Amino acid sequence: MIERSFRIRFSEIETTVPTAPGLYEIVTDEGGLLKVGISGNLRRRLSQHRQSRQSRLKLKEGGDWSNPSDVMSKQSILAKHLFFYSPATGFDLKTEAGRQAFLEQRCHILVKVTSTREEARELERDMEQSATYRFMGITNSFLSC
């Protein structure tokens, strides 16, 4: 049973998002579906995405920064996805500051608070099947843009 749903900017996470389980969608202001995900603690997870830390992107041994399969994310898979995303936005998504600015200025989050993480997982599965998200999955997989 979904408790409540709402839309926010990334700067509103701490003041609006509870530490409850739920589902989130990251959407561009033009309506582009970037990512759907779940968490047992929505506030913590969305804060990690907003930070989009460069230091948490790691290159595999012998890897190349230009190859998505050689780069791993140790905190937010969204940071990795955005690192390789090339929208015509004027933001340098190869940098932490560029990703943060893009998320705040050009994206919003749709949040659905649920009773349990399992309930959120069921919603996520349905949404991944019914919508086309640019970035999918909870692993380091990457869809070409």
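Residues numbered from 1 in each chain as written. Predicted model: local features only at pLDDT ≥ 70, side-chain atom pairs only at ≥ 80, totals over all residues. Heavy atoms only, no water.

Here we look at unusual backbone geometry
Comment: phi is negative for the bulk of residues other than glycine, and the bulk of peptide bonds are trans. With phi around 45°, Ser52 is a residue other than glycine that occupies positive phi space. Relative to the helices and strands, Ser52 resides in the loop between helix H2 (42-51) and strand S4 (57-59). (Helix = DSSP H or I, 4+ residues; strand = E, 2+ residues; numbered from the N terminus.)

Quick look at the packing of aromatic side chains
One pair of aromatic rings is described through two measures. These are the centre distance and the angle between the planes. Enumeration over the complete set of coordinates arrives at 4 aromatic pairs. Plain terms: the ring middles of Trp65 and Phe83 are 5.8 Å apart, the flat faces sit at 50° to each other, and that makes the pair tilted. Of this pair, Trp65 sits in the loop between S4 and strand S5 (71-73) while Phe83 sits in helix H3 (residues 77-83), and the two are 18 residues apart along the sequence. The buried category is assigned to Phe83, whose relative accessible area is 7%. Summarising the aromatic geometry, the rings of Phe91 and Phe102 are spaced 5.8 Å apart at their centres and angled 70° between planes, so their arrangement reads as edge-to-face. With Phe91 in the loop between H3 and helix H4 (96-106) and Phe102 in helix H4, the pair connects residues that are 11 residues apart, well separated along the chain. Phe102 carries the same exposure label as Phe91, and that label is buried. (Phe/Tyr/Trp six-rings, centres within 6.5 Å; stacked < 30°, edge-to-face > 60°. Buried < 20%, exposed > 50% of the residue type's maximum accessible area, 1.4 Å probe, protein only.)

Things to note about the packing of H2 against H4
It is the contact of H2 with H4, at a shortest axis distance of 8 Å, that shows an interaxial angle of 125°. Relative to H4, the element H2 lies oblique. Here H2 contributes His49, Arg50 and Gln51 to the contact with H4, which in turn contributes Glu96, Gln100 and Leu103. Within the contact of H2 with H4, the residues separate by chemical class into 1 nonpolar, 3 polar and 2 charged. (Axes fitted to C-alpha atoms, helices over the stretch in contact; angles between N-to-C directions. Parallel < 35°, antiparallel > 145°, perpendicular 65-115°, else oblique. Contact = heavy atoms within 4.5 Å. Nonpolar A, V, L, I, M, F, W, Y, C, P; charged D, E, K, R; others polar.)

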